[in-house]
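# Architecture and fold: a report
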Amino acid sequence: MSKLGRRKFLLYGSTGLAASLFLKGCAGGSDTSSTSDTSSTATSSSSGDTIKVGILHSLSGTMAISETTVVEAEKLAIEEINAAGGVLGKQIVAIEEDGASDWPTFAEKATKLIDKDQVATVFGCWTSASRKAVLPVFESKQHMLWYPVQYEGQECSNNIFYTGAAPNQQIEPAVDWLLENKGKEFFLVGSDYVFPRTANTIIKEQLKAKGGTTVGEDYLPLGNTEVTPIITKIKQALPNGGVIFNSLNGDSNVAFFKQMQGAGLTADKYPVMSVSIAEEEVRQIGTEYLKGHYAAWNYFQTVESPANTTFVKAFKDKYGQDRVTNDPMEAAYIMVYLWKQAVEQAGTIELEAVRKAAIGQEFDAPEGKVKMFPNHHISKTVRIGQVRDDGLFDIVSSTDGPVDPIPWNQYVPETKGYACDWTDPNKGGKYKI
């Protein structure tokens, strides 16, 4: 965060909610302005026996705790695809860049990958702040980003394919499960940027509609570990216990869970539902601090399926038997395969052809079968997991099958009744149903 001044942080962070809900550029995914020729880009990206792709994640800074593992999953998929003959008979060459947990750096590196390296596509970002920072780059250059992490929705860009969960595939089902099983009083805690603030806007509207109560809400700047004031507020707002909905990101979670336990706020009375804590974060924070708490995802390492058995074995064989897999890693892994299938169906890496071919792609993913919808999001099974002794998750709730994605939230008044369809030019990124 050292490079990120307060003014820029507020622009990309605290004001991200307003941008998410109201700014046409973020909402509509406009593709009217182009500064690059996609046919020449295709030629430059594919030379000789190789196809260049970009990988853009935080390999340093507060988000490295989460994003380095996503890079590993993407590289595993690329290695497997290359071993099986590549794409269109060519080997994939990945060019890696470090976003350094700094949003202007993400935009700078995205520009470099597109203009200098002339990659065929980019796999990247974790936080919504980083995605919002690169979005104008991809839209102005008519390029393509594949984004692997659950997010707050309220966006539908023609230049992004989203393989993480929309709110109706993670946040909303988690709230429903908590209301039914853990109580109706919620304290909301998150990092101070667009995803947690927008997610909590959705949660508050959902609680109003379903008889729940928001008793408190507080935020920390990304990377901040001064969690004592939040713990104090939780104890005051919920003296007899209650639900904590956690959208902290990065290593702020280390301090939060350690101090929760130190203050006596244990999982039996103060169950925490996290939407950015998965197996890798549990491993790094410490199982002793997280045992009994919950997370909502679409994939856990404990999913029982032949595809998951194969995925987990391949990841452990490459990176170590003590390693774990998690939801963002799985979403990153499968997005490389979805891009490959779209390229092969299109018969070219030309961006517009691949964009059209990506819609309708299906894949037998470790989480279960997924399908890319006309809104550039995929169908996903919803699961609730509880941390157990070995740091993995017992799956305590699961939908019967994949849930269709809804990027425009139907609880928030400003977006209720809207949808997205990039197969119809009269509908596009946002239209009234």
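Report follows, based on the coordinates. Counting restarts for each chain, with residues numbered from 1 along the sequence as it is written. Note on the predicted model: pLDDT of at least 70 is required for a residue's local features to be given, and 80 or more for side-chain atom pairs to be given and counted; whole-chain, interface and lining totals, by contrast, use all residues. To obtain the side-chain values, all non-hydrogen atoms of the structure were included, while hydrogens and water were left out.

This brings us to the environment of Ala-357. Tracing the sequence through the fold places Ala-357 in helix α16 (residues 351–358). Each C-alpha atom, one on Ala-357 and one on Gln-341, is 8.3 Å from the other, the two residues being 16 residues apart in sequence. Setting aside its immediate chain neighbours within four residues, Ala-357 contacts Ala-342, Gln-345 and Ala-346. Runs of E in the DSSP output that reach at least two residues are strands. Runs of H or I that reach at least four are helices, and both are numbered from the N terminus. By the convention used here, residues are in contact when the closest approach between their heavy atoms is within 4.5 Å.

So, on to empty space enclosed by the protein. One water molecule sets the probe size; rolling that probe over the atoms shows where empty space is left. Cavities and pockets were defined on a 1 Å grid built over protein atoms only: a cavity is a set of grid points that admits a 1.4 Å probe from which the probe cannot escape, a pocket is an open set flanked by protein on both sides within 12 Å along at least five of seven lines, and lining residues are those with an atom within 4 Å of any such point. Grid points are joined across faces, edges and corners, and a volume is the space filled by probe spheres set on the points. Considering all chains together, one arrives at one cavity of 30 Å³ or more under this definition. In this structure, the largest cavity occupies an estimated 40 Å³ of space. Lining the largest cavity are Trp-126, Thr-127, Ser-128, Tyr-147, Val-149, Gln-150, Tyr-193, Phe-195, Asn-249 and Ser-276. Considering only residue class, the lining of the largest cavity consists of five nonpolar, five polar and no charged. Residues are grouped as follows: Ala, Val, Leu, Ile, Met, Phe, Trp, Tyr, Cys and Pro are nonpolar; Asp, Glu, Lys and Arg are charged; every other residue, Gly included, is polar.

For this text, the term disulfide refers to a pair of cysteine sulfurs within 2.5 Å. On inspection of all chains with the given rule, the structure shows one disulfide. Here Cys-156 pairs with Cys-420 through a disulfide, and the sulfurs are 1.9 Å apart. The sign of the S-S torsion, about -65 degrees, decides the handedness of the disulfide formed by Cys-156 and Cys-420: left-handed. With Cys-156 in the loop between β5 (145–147) and β6 (160–162) and Cys-420 in strand β16 (residues 418–421), this pair connects stretches of sequence that are 264 residues apart. Here Cys-156 matches Cys-420 in class, with each residue buried. Throughout, exposure labels follow a simple rule: accessible area from a 1.4 Å probe, protein chains only, divided by the maximum for the residue type, with under 20% read as buried, over 50% as exposed, and the rest as partly exposed.

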